[in-house]
Amino acid sequence: MILTLAITGASGAILAREALRALEADERVARVHFVASENSLRVLAEELGISGRNNLLEKLIGSAPTKIVQHFDADIGAAIASGSHPSDGMIILPCSMGTLATIAMGLADSLIARAADVTLKERRPLILCVRETPFNRIHLRNMTLAAEAGATIFPCIPAFYAQPKDSSEMAREFSFRVLAHIGLPQKDAYVGKREKGRDQGTKGPRD
Ligand SMILES: Cc1cc2nc3c(=O)[nH]c(=O)nc-3n(C[C@H](O)[C@H](O)[C@H](O)COP(=O)(O)O)c2cc1C
(Lines give C-alpha, C1' and ligand atoms only; values in the text may rest on other atoms or scores of the structure.)
Protein backbone atom coordinates (compact mmCIF):
# COMPACT_ATOMS: atom_id res chain seq x y z
CA MET A 1 0.00 0.00 0.00
CA ILE A 2 0.95 3.61 -0.55
CA LEU A 3 -0.58 5.90 2.06
CA THR A 4 -0.48 9.50 3.23
CA LEU A 5 -0.52 10.30 6.94
CA ALA A 6 -0.85 13.89 8.12
CA ILE A 7 -0.65 15.34 11.61
CA THR A 8 -2.44 18.60 12.40
CA GLY A 9 -2.57 20.82 15.47
CA ALA A 10 -5.18 18.92 17.48
CA SER A 11 -4.48 17.10 20.70
CA GLY A 12 -3.45 13.45 20.24
CA ALA A 13 0.09 13.47 18.85
CA ILE A 14 0.66 10.12 20.58
CA LEU A 15 -1.96 8.56 18.27
CA ALA A 16 0.01 9.62 15.21
CA ARG A 17 3.23 8.31 16.73
CA GLU A 18 1.71 4.86 17.26
CA ALA A 19 0.24 4.81 13.74
CA LEU A 20 3.58 5.78 12.18
CA ARG A 21 5.42 3.08 14.13
CA ALA A 22 2.93 0.45 12.97
CA LEU A 23 3.09 1.62 9.34
CA GLU A 24 6.90 1.60 9.36
CA ALA A 25 6.87 -2.00 10.65
CA ASP A 26 4.09 -3.24 8.33
CA GLU A 27 5.35 -5.32 5.39
CA ARG A 28 2.18 -4.59 3.41
CA VAL A 29 3.10 -0.91 3.32
CA ALA A 30 5.53 0.21 0.61
CA ARG A 31 5.48 3.97 1.13
CA VAL A 32 4.05 6.48 3.57
CA HIS A 33 3.92 10.16 2.67
CA PHE A 34 4.02 12.13 5.91
CA VAL A 35 3.05 15.77 6.37
CA ALA A 36 3.01 17.73 9.65
CA SER A 37 1.14 21.05 9.67
CA GLU A 38 2.95 24.05 11.10
CA ASN A 39 0.60 24.09 14.09
CA SER A 40 1.07 20.40 14.79
CA LEU A 41 4.66 21.17 15.80
CA ARG A 42 3.41 23.16 18.79
CA VAL A 43 1.28 20.21 19.93
CA LEU A 44 4.11 17.72 19.32
CA ALA A 45 6.30 19.85 21.57
CA GLU A 46 3.69 20.17 24.31
CA GLU A 47 2.47 16.57 24.29
CA LEU A 48 5.54 14.52 23.33
CA GLY A 49 8.40 16.92 24.08
CA ILE A 50 9.49 16.79 20.42
CA SER A 51 10.71 20.12 19.09
CA GLY A 52 11.25 21.29 15.51
CA ARG A 53 11.01 19.64 12.11
CA ASN A 54 14.57 18.37 12.04
CA ASN A 55 14.63 14.56 12.24
CA LEU A 56 10.97 14.65 13.20
CA LEU A 57 10.30 11.16 11.86
CA GLU A 58 13.27 9.67 13.70
CA LYS A 59 12.06 11.30 16.90
CA LEU A 60 8.55 9.94 16.38
CA ILE A 61 9.30 6.35 15.37
CA GLY A 62 12.55 5.96 17.32
CA SER A 63 14.77 5.08 14.34
CA ALA A 64 15.57 6.30 10.83
CA PRO A 65 12.52 5.70 8.62
CA THR A 66 12.90 3.24 5.75
CA LYS A 67 9.62 3.84 3.94
CA ILE A 68 8.20 7.08 5.35
CA VAL A 69 9.04 10.30 3.51
CA GLN A 70 8.28 13.75 4.92
CA HIS A 71 6.89 16.65 2.90
CA PHE A 72 6.46 20.29 3.88
CA ASP A 73 2.86 21.42 4.29
CA ALA A 74 3.74 24.46 2.18
CA ASP A 75 4.95 22.25 -0.70
CA ILE A 76 1.78 22.22 -2.75
CA GLY A 77 3.77 20.76 -5.67
CA ALA A 78 4.62 17.51 -3.86
CA ALA A 79 3.57 14.27 -5.57
CA ILE A 80 0.60 13.70 -3.26
CA ALA A 81 -0.94 16.97 -4.44
CA SER A 82 -1.70 15.27 -7.76
CA GLY A 83 -4.48 12.78 -8.45
CA SER A 84 -2.27 10.91 -10.93
CA HIS A 85 0.08 9.91 -8.10
CA PRO A 86 -0.82 6.38 -6.94
CA SER A 87 -2.32 6.24 -3.47
CA ASP A 88 -4.42 3.87 -1.43
CA GLY A 89 -5.74 6.59 0.84
CA MET A 90 -5.03 9.27 3.41
CA ILE A 91 -5.32 9.48 7.18
CA ILE A 92 -5.31 12.76 9.12
CA LEU A 93 -4.49 11.86 12.71
CA PRO A 94 -5.28 13.91 14.68
CA CYS A 95 -7.44 16.24 12.56
CA SER A 96 -8.06 19.72 13.97
CA MET A 97 -11.33 21.57 13.49
CA GLY A 98 -9.38 24.08 11.42
CA THR A 99 -8.16 21.44 8.97
CA LEU A 100 -11.62 19.82 8.92
CA ALA A 101 -13.13 23.19 7.94
CA THR A 102 -10.51 23.73 5.23
CA ILE A 103 -11.27 20.32 3.74
CA ALA A 104 -15.04 20.73 4.05
CA MET A 105 -14.79 24.05 2.17
CA GLY A 106 -12.47 22.62 -0.49
CA LEU A 107 -9.86 25.35 0.00
CA ALA A 108 -6.87 23.13 -0.90
CA ASP A 109 -4.51 25.87 0.33
CA SER A 110 -1.84 23.66 1.93
CA LEU A 111 -0.39 20.27 1.01
CA ILE A 112 -2.53 18.53 3.65
CA ALA A 113 -5.70 20.24 2.44
CA ARG A 114 -4.84 19.68 -1.23
CA ALA A 115 -3.93 16.00 -0.73
CA ALA A 116 -7.22 15.48 1.15
CA ASP A 117 -9.11 17.27 -1.63
CA VAL A 118 -7.41 15.05 -4.23
CA THR A 119 -8.16 11.92 -2.18
CA LEU A 120 -11.86 12.82 -2.19
CA LYS A 121 -12.02 13.66 -5.90
CA GLU A 122 -10.28 10.40 -6.77
CA ARG A 123 -12.79 8.54 -4.55
CA ARG A 124 -10.06 7.11 -2.36
CA PRO A 125 -10.41 6.53 1.41
CA LEU A 126 -9.94 9.69 3.49
CA ILE A 127 -10.03 9.15 7.25
CA LEU A 128 -10.39 12.28 9.38
CA CYS A 129 -9.57 11.51 13.02
CA VAL A 130 -11.18 14.67 14.37
CA ARG A 131 -10.46 15.77 17.94
CA GLU A 132 -12.41 18.39 19.80
CA THR A 133 -14.89 18.43 22.64
CA PRO A 134 -17.61 19.54 22.81
CA PHE A 135 -18.48 20.15 19.15
CA ASN A 136 -20.14 23.39 18.08
CA ARG A 137 -22.62 23.50 15.23
CA ILE A 138 -19.93 24.58 12.76
CA HIS A 139 -17.85 21.51 13.61
CA LEU A 140 -20.92 19.27 13.20
CA ARG A 141 -21.83 20.84 9.85
CA ASN A 142 -18.26 20.53 8.56
CA MET A 143 -18.13 16.87 9.58
CA THR A 144 -21.36 16.29 7.67
CA LEU A 145 -20.03 18.12 4.60
CA ALA A 146 -16.80 16.10 4.63
CA ALA A 147 -18.69 12.83 5.17
CA GLU A 148 -21.05 13.66 2.30
CA ALA A 149 -18.01 14.23 0.06
CA GLY A 150 -16.75 10.74 0.92
CA ALA A 151 -14.57 11.16 4.03
CA THR A 152 -14.83 8.88 7.03
CA ILE A 153 -15.20 10.81 10.27
CA PHE A 154 -13.23 8.73 12.77
CA PRO A 155 -13.21 10.69 16.05
CA CYS A 156 -10.31 10.24 18.44
CA ILE A 157 -12.42 8.34 20.95
CA PRO A 158 -10.56 5.46 22.58
CA ALA A 159 -12.22 2.21 23.62
CA PHE A 160 -12.17 1.22 27.28
CA TYR A 161 -13.47 -2.34 27.04
CA ALA A 162 -10.04 -3.62 26.01
CA GLN A 163 -8.72 -2.36 29.35
CA PRO A 164 -5.50 -0.73 28.07
CA LYS A 165 -2.91 -0.58 30.82
CA ASP A 166 -1.66 2.92 29.98
CA SER A 167 -2.07 5.81 27.53
CA SER A 168 0.46 4.32 25.09
CA GLU A 169 -1.51 1.07 24.86
CA MET A 170 -4.74 3.04 24.51
CA ALA A 171 -3.19 5.11 21.72
CA ARG A 172 -1.84 2.01 19.99
CA GLU A 173 -5.22 0.30 20.09
CA PHE A 174 -6.92 3.40 18.66
CA SER A 175 -4.33 3.76 15.89
CA PHE A 176 -4.72 0.05 15.07
CA ARG A 177 -8.46 0.58 14.62
CA VAL A 178 -7.73 3.37 12.16
CA LEU A 179 -5.27 1.20 10.23
CA ALA A 180 -7.74 -1.71 10.15
CA HIS A 181 -10.31 0.69 8.69
CA ILE A 182 -8.02 1.51 5.77
CA GLY A 183 -7.31 -2.18 5.12
CA LEU A 184 -4.37 -2.91 7.42
CA PRO A 185 -5.63 -5.01 10.35
CA GLN A 186 -2.84 -5.35 12.90
CA LYS A 187 -2.05 -8.75 14.36
CA ASP A 188 -1.14 -7.26 17.76
CA ALA A 189 -4.49 -5.48 18.21
CA TYR A 190 -6.00 -5.89 21.67
CA VAL A 191 -3.11 -8.01 22.96
CA GLY A 192 -3.75 -6.77 26.50
CA LYS A 193 -7.40 -7.79 26.35
CA ARG A 194 -6.62 -11.22 24.90
CA GLU A 195 -4.11 -11.87 27.67
CA LYS A 196 -6.55 -10.66 30.31
CA GLY A 197 -9.35 -12.64 28.66
CA ARG A 198 -7.30 -15.84 28.95
CA ASP A 199 -6.71 -15.10 32.62
CA GLN A 200 -10.28 -14.14 33.43
CA GLY A 201 -12.28 -16.15 30.91
CA THR A 202 -13.78 -12.98 29.38
CA LYS A 203 -14.52 -12.38 25.71
CA GLY A 204 -12.51 -10.19 23.33
CA PRO A 205 -13.46 -6.73 22.09
CA ARG A 206 -16.79 -6.23 20.38
CA ASP A 207 -15.81 -4.08 17.39
C1 LIG B 1 -1.71 22.18 22.82
C2 LIG B 1 -2.78 22.47 21.80
C3 LIG B 1 -3.83 21.60 21.67
C4 LIG B 1 -4.83 21.84 20.74
N5 LIG B 1 -5.84 20.92 20.62
C6 LIG B 1 -6.77 21.08 19.65
C7 LIG B 1 -7.77 20.07 19.46
O8 LIG B 1 -7.82 19.06 20.15
N9 LIG B 1 -8.64 20.25 18.44
C10 LIG B 1 -8.61 21.34 17.61
O11 LIG B 1 -9.42 21.42 16.70
N12 LIG B 1 -7.68 22.32 17.80
C13 LIG B 1 -6.75 22.22 18.78
N14 LIG B 1 -5.78 23.17 18.95
C15 LIG B 1 -5.85 24.39 18.13
C16 LIG B 1 -5.24 24.18 16.75
O17 LIG B 1 -3.86 23.86 16.86
C18 LIG B 1 -5.41 25.45 15.91
O19 LIG B 1 -6.79 25.66 15.63
C20 LIG B 1 -4.62 25.44 14.63
O21 LIG B 1 -4.90 26.61 13.90
C22 LIG B 1 -4.87 24.22 13.76
O23 LIG B 1 -4.05 24.33 12.62
P24 LIG B 1 -3.81 23.11 11.61
O25 LIG B 1 -5.13 22.46 11.39
O26 LIG B 1 -3.29 23.75 10.38
O27 LIG B 1 -2.81 22.20 12.21
C28 LIG B 1 -4.78 22.97 19.90
C29 LIG B 1 -3.70 23.85 20.04
C30 LIG B 1 -2.71 23.60 20.98
C31 LIG B 1 -1.57 24.57 21.08
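Treat the numbers as computed from the prediction; the structure is a model and nothing was measured.

Novice: Whenever I open this one, the site of the ligand confuses me. Can you help?
Specialist: Neighbouring residues of the ligand: 14 residues in total, closest Gly-9, Ser-37, Ser-96, Thr-99 and Arg-131. Within the backbone of Arg-131, an N or O atom sits 2.6 Å from a nitrogen atom of the ligand. Here the ligand, which alone exposes 640 Å², has 68% of that area covered by the protein. For the shell around the ligand, the secondary structure elements donating two or more residues are helix H2 (38–48) and helix H4 (97–104). Among the elements that take part in the shell around the ligand, H2 stands out by supplying four residues, more than any other. Each residue belonging to the shell around the ligand can be placed in one class, and the counts come to three nonpolar, seven polar and four charged.

Novice: Help me out: how do you make sense of helix H7 (residues 167–181) in this one?
Specialist: For an α-helix, the turn length of 3.6 residues means that residues three or four places apart are oriented alike. In this model H7 runs 21 Å from its N-terminal to its C-terminal C-alpha over 15 residues, within 8% of the 21 Å that 1.5 Å per residue would give. Burial in H7 covers these residues: Glu-169, Ala-171, Glu-173, Phe-174, Ser-175, Phe-176, Val-178 and Leu-179. The backbone nitrogen of Ser-168 lies 3.2 Å from a side-chain oxygen of the residue at the head of H7, namely Asp-166. Positive phi shows up at Gly-183, right after H7, with a value of about 105 degrees.

Reading guide: rules and limits
- Residue indices begin from 1 for each chain and proceed along its sequence in written order.
- Residues qualify for local features only when their pLDDT is at least 70, as the model is predicted, and side-chain atom pairs are given and counted only at 80 or more; totals for whole chains, interfaces and linings, by contrast, use all residues.
- Remark: hydrogens and water are excluded; side-chain values derive from all non-hydrogen atoms of the structure.
- What makes a residue near a molecule or strand is one non-hydrogen atom of that residue sitting within 4 Å of it.
- Whenever two N or O atoms come within 3.5 Å, that pair is a polar contact, provided that in protein one can donate a hydrogen and the other can accept it, and provided that, for residues adjacent in sequence, both atoms are side-chain atoms.
- All accessible-area figures derive from a Shrake-Rupley calculation using a 1.4 Å probe, and residue coverage is judged against the displayed protein chains alone.
- Secondary structure elements are defined from DSSP: runs of H or I of at least 4 residues count as helices, runs of E of at least 2 residues count as strands, and each element is numbered from the N terminus.
- Amino acid classes used here: Ala, Val, Leu, Ile, Met, Phe, Trp, Tyr, Cys and Pro are nonpolar; Asp, Glu, Lys and Arg are charged; the rest, including Gly, are polar.
- Multiplying 1.5 Å by the helix residue count minus one yields the expected span of that helix.
- Here the term buried applies to any residue with accessible area under 20% of the maximum for its type, exposed to any over 50%, and partly exposed to those in between, with areas from a 1.4 Å probe on protein chains only.

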